[in-house]
Amino acid sequence: MILFFALVFVAAAITGACAFMIFWPLSLVHIRDRHPEIGARLGPGAFLNPTALGWLLRRGYIAANDRNLTGLASPARTSLLTIIIALVLAGLLWALSTVVSA
């Protein structure tokens, strides 16, 4: 049963990854087109850049005071948090299953 729930968390991470693949590129295009100063701060190739992902997790987009950017970046942040939390929980359940079965 523990491994089943670990698999459910992996499925949640995959769902989060699908949402992230939709909203994060849209956010980056919006930043490129409307906020070049933020784009310069995030750097080229910001899709999986740790600096850009940290900016997203810290809700750096709020400082831009742009409702459209917030509308795109908020779901990207939520999906990134979903990926991280679901994979951590899946890993913890997997580790628990190895301890319980031993």
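A. Looking closely at the overall build of the protein chain. The helix and strand inventory of the protein chain stands at four helices and zero strands. Of the regular secondary structure in the protein chain, the N- to C-terminal order runs α-α-α-α. Against the 2.2 N^0.38 benchmark of 13 Å for 102 residues, the protein chain shows a C-alpha radius of gyration of 17 Å, more extended than a compact globule. Along the longest, intermediate and shortest principal axes, the C-alpha atoms of the protein chain span 55 × 20 × 20 Å. Considering the protein chain as a whole, with its 102 residues, one finds that 30% of them fall into the buried category. Nonlocal contacts in the protein chain, meaning residues at least 24 apart in sequence, comprise 68% of its contacts between residues at least 6 apart. Carbon and sulfur atoms make up 72% of the accessible area of the protein chain, which amounts to about 6,400 Å² in all.

B. Fine view of the packing of helix α1 (residues 2-34) against helix α4 (residues 67-101). Across the interface, α1 lies against α4 with an axial gap of 7 Å and an inter-helix angle of 155°. In terms of orientation, α1 lies roughly antiparallel with respect to α4. Regarding α1 and α4, the two cross each other, and that crossing is left-handed. Looking at the contact of α1 with α4 residue by residue, the class counts come to 30 nonpolar, seven polar and no charged.

C. Highlighting the UniProt feature "transmembrane region" (unreviewed entry) in the protein chain. Residues annotated in UniProt with the feature "transmembrane region" (unreviewed entry) correspond here to residues 38-57 and 78-96. Across residues 38-57 one finds 65% helix and 0% strand; the C-alpha atoms that close the span lie 15 Å apart. Overall, residues 78-96 shows 100% helix and 0% strand. The separation of its end C-alpha atoms is 26 Å.

D. Looking closely at the side chain of S27. With respect to the helices, strands and loops of the structure, S27 is situated in helix α1. Judged by its relative accessible area of 1%, S27 is buried. Contact partners of S27, with chain neighbours within four places excluded, come to L69, L72, A73 and A76.

Here is what the cut-offs are and how they apply
Residues numbered from 1 in each chain as written. Predicted model: local features only at pLDDT ≥ 70, side-chain atom pairs only at ≥ 80, totals over all residues. Heavy atoms only, no water. Helix = DSSP H or I, 4+ residues; strand = E, 2+ residues; numbered from the N terminus. Rg over C-alpha atoms; globule rule 2.2 N^0.38 Å. Buried < 20%, exposed > 50% of the residue type's maximum accessible area, 1.4 Å probe, protein only. Contact = heavy atoms within 4.5 Å. Areas by Shrake-Rupley, 256 points an atom, 1.4 Å probe, with all protein chains shown as cover. Axes fitted to C-alpha atoms, helices over the stretch in contact; angles between N-to-C directions. Parallel < 35°, antiparallel > 145°, perpendicular 65-115°, else oblique. Left-handed = near helix turned anticlockwise from the far one by under 90°. Nonpolar A, V, L, I, M, F, W, Y, C, P; charged D, E, K, R; others polar. UniProt positions renumbered as here; feature names shortened; annotations may be inferred.

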